[in-house]
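Chain and residue survey
Each chain, written out:
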Amino acid sequence: MLFSKRLIFSISCVFFFSFSVLAQAPNAQSKQTKTLTPNKIQLALNWKAEAEFGGFYEGNIKNFYKEKSLDVSIIEGGSGAPVPQLVASKKVEFGIVTGDEIIVAQARGMDIVALFAVYQIFPQGIMTHEARGFKSLEDVFNAPGLLALQKGAPFALYLEKKYAKNKKVKVVPFTGGVAPFIKNSDFSQQCFVTSEPLSARKMGKAAKTFAVADSGYNPYTAVVIAHRDFIKKNPDLVDRFLKATQLGWDSYLKDPKAANDFMRKLNPSIEEDIFQLSSEVQVPFIVSDETKTNGTGFMTSARWEELGKQLVDVGVIKAKELKSASSYFEWRLPSK
Amino acid sequence: MQAQFKMTLNRFVPFLFFCVVLIFWEAVTRAQWIEAYLLPSPSAILKVTHDESTLLFRALGQTFQNSMLGLVCSVILGTVFGFLFARVTILRRIFYPYAILFQTVPVIAVAPLLVIWFGYGNTSVIVSSFIVSLFPMLAASIEAFRAVPTELQDLFRIFRSSRYDQFKKLDFPYALPTLFTGLRISAGLAIIGAIVGEFLSGQGLGSVIDVAKTQYRSDLVFAAIALATLFGVFMFFIVEILIQFFIGHWHSSRK
Amino acid sequence: MGNLDSFAFKVDSLSLSFQSKVVFKNINFETSDRQFIALLGPSGCGKTSLLRCLAGLQAASLGTIEFQAQVGSDLVNSKISKSFVFQKDTLLEWRNVYQNVALGLELQSLDFKSKEIQQKVLAALRSVGLENVQDLYPHQLSGGMRMRVALARALVVDPQILFMDEPFSALDEPTRERLSVELRELFLSRPMLIFFVTHSISEALFLADRVFVMQNGAIEEFPSVLPSKNRSLEHRFEPVFVNASKAIFRKTMKASDASSV
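Described below are features of the structure shown in this document. (Residues numbered from 1 in each chain as written. Chains lettered and ligands numbered in written order. Predicted model: local features only at pLDDT ≥ 70, side-chain atom pairs only at ≥ 80, totals over all residues.)

The next subject is the overall build of chain B. Secondary structure summary: chain B contains 10 helices and 0 strands in total. When the helices and strands of chain B are placed in sequence order, the string is α-α-α-α-α-α-α-α-α-α. For 255 residues, the compact-globule estimate of 2.2 N^0.38 gives 18 Å, and the C-alpha radius of gyration of chain B, at 23 Å, exceeds that figure by more than 25%. Expressed along its principal axes, the backbone C-alpha trace of chain B runs to roughly 75 × 65 × 25 Å. When burial is assessed residue by residue, chain B has 39% of its 255 residues classed as buried. (Helix = DSSP H or I, 4+ residues; strand = E, 2+ residues; numbered from the N terminus. Rg over C-alpha atoms; globule rule 2.2 N^0.38 Å. Buried ≥ 20, exposed ≤ 12 C-beta atoms within 10 Å, placed from the backbone.)

Following this line, the structure appears as structure tokens:
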């Protein structure tokens, strides 16, 4: 009797001890890939699943996130999705926005920070009917007709200010899609160079597209953001997420097919060939000499400083609201 | 004395409650329990109303114009077609189902189409306002003109009244209270329809809200919304005054 | 305004069917232009339909209504002036008493404000005792007063035929009795043919010269048992009145037993 009691007691101690060791294990092994409970996080997109988000979906499909113990839910957005507010109020951990939104958001009290810029070049363009023979954006503004731009968007304010002299075109609000463009031969509109011009060409209307970036306004686009506090409190998680994201994008850039097929299931409104074309057309916007050296998603202070000055110049933020570049972004990934 | 005190208290209490809400709202936003970019404080809203008063009040004027024109169209067409549908059964059977579409169609989805058809000016806004405010007037009108008691119609026939006399002296006055009920609802909807249309074209309050939203200026968004709301309340009182003026001497809406 | 000073009113083989159901069949009677005729019967026996046919508001399926030598069943368009008093007093709520009474004259395109109109309206109001409330609106009046206004409205056009469809049935007993007396007095003071629909035997016998009891789509006539003038409510308790009521009652009971099988 005494013997078995002691035996039971010893065995219980061994079990108890092992459990505590195992329970400690995740903390001790935080840098290793094998853990018991992955972190559940959410990534809020600012549009529906499209080629511009391919790398993120690739991160899930090829298990890059999973291998870093991250369980990433990608939430699609739509027109007017309040991504900055979602991240600023800590409803989601990460979000995707355009670079200028970050500067404006900080001026309004939202403490969000840029971490990873997919698009090195601003993919916003102005598409015009090829038959009109425009040679530059200045031509577009100096000719009669209609130009649809999103009211109040910083890039629209920039263009209107830059080409204000001799302006003849009538700026009208942008309502989405390409229907007015197809119908009206003197209609020009904003577009994403990776989508609307492709759709228009498919519908038989050849478009000549001018990149807004060429006019001097060039914010990083499809930028990953997080709340400053979140980064401070979870530096390791953030780094894991960024590394896996970079792996996802590099993989997607090599071969987008798997992610494209997945995204098309989520967003069947875009035809397969357009999807494929978009993922090809966007490559030069994502890959540059800088990213080849420093890694996909790289950002520099100079770009942020210039963008800040431009936003003050068009009046979206006041001069006193402008902060230093270092408060707008953090580049945490090691160079290749 | 006590009764009088109670009476003044009754009138004062709603106003007092409103002040308490305002103070609580100001305190909550100042203490940063709710961030300014989600919910601006009343003082911030007042400040931006003052700073941007030209923009806001010009926009209010536009919305006023657009919604009132839309409302006039829906009142006239709603009343006329309601009368026709009430009196000619076959017309009602054919066209009323389509009229219900006016009620159910999501205007915000149709608005881009309106811009394509009617251009980028105020016309598409007026049409949007009309679409949203038509149905209550139409429905009220059909009900109003169907409800005229047969006895009264018989009486007018016995007295050998002309059709025009019957409409002017019986159908229309009898229908007025119900028509006003429709107007109460349509007036508010006309404003909503105008603002939805203005998200996409024109220069009214909807346009201000859209631009302010793009630039994350929540204080301006709320200021525009507040003005739109006050406008709606104003229209409500106008309709009540009209009701009192035209039928108050014989019709109590509390009957 | 009637062009005919006096006329005979003749109904011949009047029938009405509705959706293969017979409402009334083969109604025949004649009357002069000064009679008070009650149409008596329970609810749903078709008396209102008969009244409306007589008034020309509804076309009969068969038969004719004649005036003297004038042939034509469309009473509304003939030159005889008619009025109608309904069960619901159906005043125009947005007009005051004066304007309600003036309605009939107004619709016959006489000038609303002329002195003649004013005199007629005031006379009609006086005959029902309401000359002091001409500025009030219907919602300010009691049920009895509203019915008096409806009566005044009917009388102001000097009707030669007055059609009344259970006008007092929605009123309380004392008011009903008082208005019955007043109506009989009014009838005696001006020449009229009155068709009065009711379901009350005592009301029919008190008011009418001839009582048409309606059953199974046919009418059977019972003459009045009261003197033409000076009828009082107390007459209702006289044996001759009670007997006549009983006779009519028995008749209607028998028929309703038969029809309820």
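We now examine the overall build of chain A. Tallying secondary structure elements over chain A gives 17 helices and 10 strands in all. Counting only C-alpha atoms, chain A reaches 100 × 45 × 35 Å along its principal axes. For chain A, the proportion of its 336 residues judged to be buried stands at 43%. For chain A, contacts bridging at least 24 residues in sequence account for 80% of all contacts bridging at least 6. (Contact = placed C-beta atoms within 7 Å.)

Here we take up unusual backbone geometry. The phi dihedral of Asn166 of chain A is positive, around 60°, even though this residue is not glycine. Structurally, the position occupied by Asn166 of chain A is in the loop between helix H7 (154-162) and strand E7 (170-173). Given 9 C-beta atoms within 10 Å, Asn166 of chain A falls into the exposed group. One non-glycine residue, Asp158 of chain C, lies in the positive phi region at around 50°. Relative to the assigned elements, Asp158 of chain C resides in the loop between helix H4 (143-155) and strand E7 (161-165).

Moving on: the interface of chain A and chain B. On the side of chain B, 16 residues touch chain A, which itself brings 21 residues to the contact. Within the residue set of the side of chain A that touches chain B, elements represented by two or more residues are helix H4 (83-88), helix H5 (99-107), E7 and helix H8 (179-183) of chain A. Looking at the side of chain A that touches chain B, its residues break down into 11 nonpolar, 7 polar and 3 charged. (Nonpolar A, V, L, I, M, F, W, Y, C, P; charged D, E, K, R; others polar.)

Residues and elements named next belong to chain B. Those residues of helix H5 (residues 107-118) that fall on the buried side of the exposure criterion are Ala111, Pro112, Leu114 and Val115. In an axial view of H5, the angular spread of the buried residues amounts to 155°, which keeps them on one side of the axis. Counted as exposed and oriented over 90 degrees from the buried face of H5: Ala109, Leu113 and Trp117. Packing partners of the buried residues in H5 comprise helix H6 (122-146) and helix H8 (163-198). Directly beyond the C-terminal end of H5, a positive phi value near 85° is found at Gly119. (Arc of directions from axis to C-beta.)

Here we come to helix H5 (residues 173-189) of chain C. Residue and element names in this part refer to chain C. Between its first and last C-alpha, H5 extends 24 Å over 17 residues, near the 24 Å set by a 1.5 Å rise per residue. By the burial criterion, the buried members of H5 are Ser180, Leu183, Arg184 and Phe187. Looking straight down H5, one finds that the buried residues subtend no more than 100° of arc, so they occupy a single side. Seen from the open side of H5, the exposed residues pointing more than 90 degrees away from its buried face are Pro174 and Ser189. (Expected span 1.5 Å × (residues − 1).)

Attention now moves to the interface of chain C and chain B. Every contact between the two is made by 17 residues of chain C and, on the other side, 17 residues of chain B. Of all the secondary-structure elements, those providing two or more residues to the side of chain C that touches chain B are strand E6 (82-85) and helix H2 (97-107) of chain C. Top element by residues in the side of chain C that touches chain B is E6 of chain C. It accounts for 3 residues. When the residues that make up the side of chain C that touches chain B are grouped by side-chain class, the tally is 9 nonpolar, 5 polar and 3 charged.

All names here are of chain B. Tracing the backbone shows Gln203 in the loop between H8 and helix H9 (205-214). The exposure class assigned to Gln203 is partly exposed, which follows from the 19 C-beta atoms found within 10 Å. Measuring from C-alpha to C-alpha, the distance between Gln203 and Gly232 comes to 18 Å, with 29 residues separating the pair along the chain. Those residues in contact with Gln203 that sit more than four places away from it in its chain are Ala59 and Gln62.

Our focus in this paragraph is the arrangement of the chains. Take the 2 pairs of chains in contact: the one carrying the most contacts is chains A and B. One finds no contact linking chain A with chain C; the least C-alpha distance across the pair is 50 Å.

Let us now look at the nonpolar core. If you look at the biggest cluster of nonpolar residues, it comprises 220 residues, and the most contacted ones within it are Ala114, Val223 and Ile225 of chain A together with Leu39, Val101 and Phe196 of chain C. At 15 residues, the largest contribution of residues to this core is made by H6 of chain B. (Core = buried A, V, L, I, M, F, W, Y, C linked by C-beta atoms within 7 Å.)

The subject of this paragraph is the sheet that holds strand E3 (residues 35-40) of chain C. Strand pairs in the sheet, formed through backbone hydrogen bonds, run parallel or antiparallel to each other. Residue and element names in this part refer to chain C. Strands sit in the order E6-E7-E8-E3-E9-E10 across an open sheet of 6 strands; the sheet is mixed. The open sheet has two edge strands with one neighbour each: E6 and strand E10 (218-223). Ignoring strand direction, the axes of neighbouring strands in this sheet form an average angle of 20°. Pairing between E6 and E7: 4 bridges, direction parallel. Looking across to E7, one finds that Lys82 is bridged to Ile161. (Pairing = 2+ DSSP bridges. Axes fitted to C-alpha atoms, helices over the stretch in contact; angles between N-to-C directions.)

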